[in-house]
Amino acid sequence: MLTKDEAVAIQSDWDRQQEVYLPYREEAAGALVDLVRAKGLPVRVLDLAGGTGTLARRLLARLPEAEVTLLDFNPVLRAIAEASLPGVELVQADLSSPDWVDALPHKQYDFVLTMTAMHCFAAEPLRRLYREVRGILVPGGIFANADRMIDDGLPGFAEPVESADEWVRWWAAIEAHPVLGTLVGQQHGESADFHPPVSWHVDALRAAGFTEVGTLWRRRDQAAVLAVSAPGAPGTRRSSAPPA
Ligand SMILES: C[S@@+](CC[C@H](N)C(=O)[O-])C[C@H]1O[C@@H](n2cnc3c(N)ncnc32)[C@H](O)[C@@H]1O
């Protein structure tokens, strides 16, 4: 069995190893959380490809009454999120398949937020995913994606790629864990490692039907793009349905 305390400790260790690769990750999470806090309650948020729950945890620490869904397809990371974040609705679904929308517990969200995950998708699947995200936002709802994406004018500002030692260490500990180790074999999917500049995301989000699109936050080669679904604009799916 995975206790809450143990899952919280493993989640924190995930953050430590991720910070080796993405040193401004905490700041990026703060920028996303501030967006939600500025709207206030009631608020429904989807943490897309939320992994162990880094973003959901920070959001609930600042806004405990927020209604949060976390979606991820990795059974190990999802199990850690499930045990450490009892108030969060967990969904195991593959974002490569359009069916992921049907797996959600709600039809519409005020915010869809994602951190350091959209690089897993190649260009065409990511364009499609952006359209699908727009379809589950309330009119005026917000999507934000924080990831490694260079400023088009500053291609030389990319951070050097760190060695994979910390990643290997974290996964070796998981494999040795009596509960989580059994889930390792059920993982699937390869990252496309697609890191286009911020202009690519802005163009793709506009093409997906978002009306206001721009950069919310930036630090060196990491940035967060923000996209607003036009008030009253029809989504790609179920746009006229009231929130479930
Ligand atoms: C680098 S991790 C980031 C996790 C989390 N957002 C964070 O910041 O800690 C990338 C995440 O994307 C998830 N992911 C990648 N491809 C996916 C897909 N097709 N469907 C669902 N989740 C996916 C992975 O399982 C993993 O949790």
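The structure displayed is predicted, hence computed values, not measured ones. (Residues numbered from 1 in each chain as written. Predicted model: local features only at pLDDT ≥ 70, side-chain atom pairs only at ≥ 80, totals over all residues. Heavy atoms only, no water.)

Chemist: Quick rundown of the overall build of the chain? Include the residues and the values.
Modeler: Looking only at helices and strands, one finds eight helices and seven strands in the chain. In terms of overall dimensions, the chain is globule-like: its C-alpha atoms have a radius of gyration of 17 Å, near the 18 Å expected for 244 residues. Projected onto the principal axes, the alpha-carbon positions of the chain cover approximately 50 × 45 × 30 Å. The contacts in the chain between residues at least 6 apart in sequence include a share of 74% that link residues at least 24 apart. Computing the positive centroid from 23 side-chain charges and the negative centroid from 33, the chain places the two 5 Å apart. (Helix = DSSP H or I, 4+ residues; strand = E, 2+ residues; numbered from the N terminus. Rg over C-alpha atoms; globule rule 2.2 N^0.38 Å. Contact = heavy atoms within 4.5 Å. Lys, Arg positive; Asp, Glu negative; His and termini not counted. Charge placed at Lys NZ, Arg CZ, Asp CG, Glu CD.)

Chemist: Tell me what's going on with the pairing of strand E3 (residues 89-92), and back it up with residues and numbers.
Modeler: Bridge count for strand E2 (residues 67-72) against E3 is four bridges, and the pairing is parallel. By the bridge assignment, leucine 71 is partnered in E3 with valine 91. With helix H4 (residues 75-84) bridging E2 and its parallel neighbour E3, the resulting β-α-β unit is right-handed. (Pairing = 2+ DSSP bridges. Right-handed = clockwise from strand over helix to strand, strands pointing away.)

Chemist: Tell me about the layout of surface pockets, residues and numbers included.
Modeler: Roughly 1300 Å³ of internal volume is contained in the largest pocket. Thr116, His119, Cys120, Trp167 and Ser191 are, among the 45 residues lining the largest pocket, the residues nearest its centre. When the residues that make up the lining of the largest pocket are grouped by side-chain class, the tally is 20 nonpolar, 15 polar and ten charged. (1 Å grid on protein atoms, 1.4 Å probe; cavity = no way out; pocket = protein on both sides within 12 Å on 5 of 7 lines; lining within 4 Å. Points joined across faces, edges and corners; volume = space filled by probe spheres on them. Nonpolar A, V, L, I, M, F, W, Y, C, P; charged D, E, K, R; others polar.)

Chemist: Before we move on, can you summarise the side chain of aspartate 72 with the specific residues and values?
Modeler: By the secondary structure assignment, aspartate 72 is in strand E2. It turns out aspartate 72 is buried and unbridged, and the closest side chain with the opposite charge, arginine 78, is 7.8 Å from it. Among all residues touching aspartate 72, those that are not within four sequence positions of it are Ala49, Gly50, Gly51, Arg78, Val91, Gln92 and Ala93. (Buried < 20%, exposed > 50% of the residue type's maximum accessible area, 1.4 Å probe, protein only. Salt bridge = Lys/Arg side-chain N within 4 Å of Asp/Glu carboxyl O.)

Chemist: Can you break down the packing of helix H1 (residues 4-21) against helix H3 (residues 54-62) residue by residue, with the values?
Modeler: Two quantities define a packed helix pair, namely the angle between the axes and the distance from one axis to the other. Direction vectors running N to C along H1 and H3 enclose 110°, while the axes themselves pass 10 Å from each other. With respect to each other, H1 and H3 are oriented roughly perpendicular. Regarding H1 and H3, the two cross each other, and that crossing is left-handed. Seen from H1, the contacting residues are Val8, Gln11, Trp14 and Asp15; seen from H3, they are Thr54, Arg57 and Arg58. Here the residues of the contact of H1 with H3 are counted per class, giving two nonpolar, two polar and three charged. (Axes fitted to C-alpha atoms, helices over the stretch in contact; angles between N-to-C directions. Parallel < 35°, antiparallel > 145°, perpendicular 65-115°, else oblique. Left-handed = near helix turned anticlockwise from the far one by under 90°.)

Chemist: Describe the packing of aromatic side chains, with residues and values.
Modeler: Following the criterion strictly, the structure yields seven aromatic pairs and no others. When the centroid spacing of 5.8 Å and the interplanar angle of 65° are considered together, the rings of tryptophan 167 and tryptophan 171 count as edge-to-face. With tryptophan 167 and tryptophan 171 both in helix H6 (residues 165-175) and four residues apart, this pair spans about one turn of that helix. Of the aromatic side chains, those joined through ring pairs into one cluster are Trp14, Trp167, Trp170 and Trp171. The lysine or arginine in question, arginine 220, covers the ring of phenylalanine 157, its NZ or CZ lying 4.7 Å from the ring centre. (Phe/Tyr/Trp six-rings, centres within 6.5 Å; stacked < 30°, edge-to-face > 60°. Lys NZ or Arg CZ within 6 Å of the ring centre and 35° of its normal.)

Chemist: For the site of the ligand, give the residues involved together with the corresponding values.
Modeler: If you check the shell around the ligand, you find 20 residues, and the closest are Trp14, Arg25, Asp72, Asp94 and Met115. Interatomic distance of 2.9 Å between a backbone N/O atom of leucine 95 and a nitrogen atom of the ligand. Separating a nitrogen atom of the ligand from a backbone N or O atom of methionine 115 is a distance of 2.8 Å. Contact with the protein chains covers 92% of the free accessible surface of the ligand, which is 590 Å². When atoms are counted within 2 Å of each cavity's grid points, the one that captures over half of the ligand is the largest pocket. Here the residues of the shell around the ligand are counted per class, giving ten nonpolar, seven polar and three charged. (Near = heavy atom within 4 Å. Polar contact = N/O pair within 3.5 Å; in protein donor to acceptor, adjacent residues only side chain to side chain. Areas by Shrake-Rupley, 256 points an atom, 1.4 Å probe, with all protein chains shown as cover. Sits in = over half its atoms within 2 Å of the grid points.)

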